[in-house]
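Take a look at the letters that make up each chain.
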Amino acid sequence: MKTLCTGLAIVSSVLTAIFAVLPLSNLAVIPALAALVFGLIAFYWSRKTGEVKKIIPFTFLLTGVALCLTIYKAVFTSTEVAETTSLEAKESQLEEEAIEALEDIDLDLEDLEGLEDIDIEE
C-alpha cells in the first residue's frame, strides 16, 4: 500500500507540474491536492516502517513548486478582451457579400427536376 501511495503521489505531482505550465493552470490545484494527500499517506507509512525514501520529499517539493507557479500565474496574469468592433465589421461585410452572391445565382426549377434521379454515394 505504501508503494501504491508513493506511485500515486509521483504521478499526481507530475500532473500538477504539467498543468501548472499550461494556459489553464488553475486545473493544477486538483492533482496537487491528490499529490499532497497520497504523499502524506506514503510518508506516514514509511515513517512507521522506519525507512523514508527520498522520492516522497521530492514529490512534496515538485508539488510545492508547481503550486507556487500556479498561484503566481493566477495573481499576475490578467485576461484582456481585445477590441472586437473591427472583427464584427468584417463579419457583417462578409455576410453581406455572401448574401449578394446568393442573390446573383439564377436557378431554374427545370434544371433541378432531373437531379432527383441521381444517386450520390461515395
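Residues numbered from 1 in each chain as written. Predicted model: local features only at pLDDT ≥ 70, side-chain atom pairs only at ≥ 80, totals over all residues. Heavy atoms only, no water.

Asker: Could you clarify how one ought to interpret the overall build of the protein in this entry?
Answerer: Helix and strand counts for the protein stand at five helices and zero strands. Listing each helix as α and each strand as β along the protein from the N terminus yields α-α-α-α-α. Here the protein, with 122 residues, has 16% of them falling under the buried criterion. Relative to all contacts within the protein whose residues are 6 or more apart in sequence, the contacts with residues 24 or more apart total 69%. When the accessible surface of the protein is totalled, it reaches about 9,800 Å², and 64% of it is carbon and sulfur. (Helix = DSSP H or I, 4+ residues; strand = E, 2+ residues; numbered from the N terminus. Buried < 20%, exposed > 50% of the residue type's maximum accessible area, 1.4 Å probe, protein only. Contact = heavy atoms within 4.5 Å. Areas by Shrake-Rupley, 256 points an atom, 1.4 Å probe, with all protein chains shown as cover.)

Asker: Explanation requested: the packing of aromatic side chains in the structure shown.
Answerer: Two descriptors summarise a pair of aromatic rings, namely the distance from one centre to the other and the angle between the planes of the rings. A complete count under the given rule lists one aromatic pair for this structure. Ring plane angle 45° and centroid distance 5.0 Å describe the contact between Tyr-72 and Phe-76, whose orientation is recorded as tilted. Residue Tyr-72 and its partner Phe-76 are both found in helix H3 (residues 55–76); the two are separated by four residues, about one turn of the helix. Of the residues examined, Phe-76 reaches a relative accessible area of 61% and is grouped as exposed. (Phe/Tyr/Trp six-rings, centres within 6.5 Å; stacked < 30°, edge-to-face > 60°.)

Asker: Got a minute to help me understand the environment of Leu-67 in this structure?
Answerer: Among the secondary structure elements, Leu-67 is positioned in helix H3. Here the alpha-carbon distance between Leu-67 and Ala-20, two residues 47 residues apart in the chain, equals 7.2 Å.

Asker: I would appreciate a short explanation of the side chain of Thr-70 in the present structure.
Answerer: Residue position: Thr-70 is located in helix H3. At a separation of 2.8 Å, a polar atom in the side chain of Thr-70 contacts the main-chain carbonyl oxygen of Ala-66. Aside from chain neighbours lying at most four places away, what touches Thr-70 is Ala-20, Ser-25, Asn-26, Ala-28 and Val-29. (Polar contact = N/O pair within 3.5 Å; in protein donor to acceptor, adjacent residues only side chain to side chain.)

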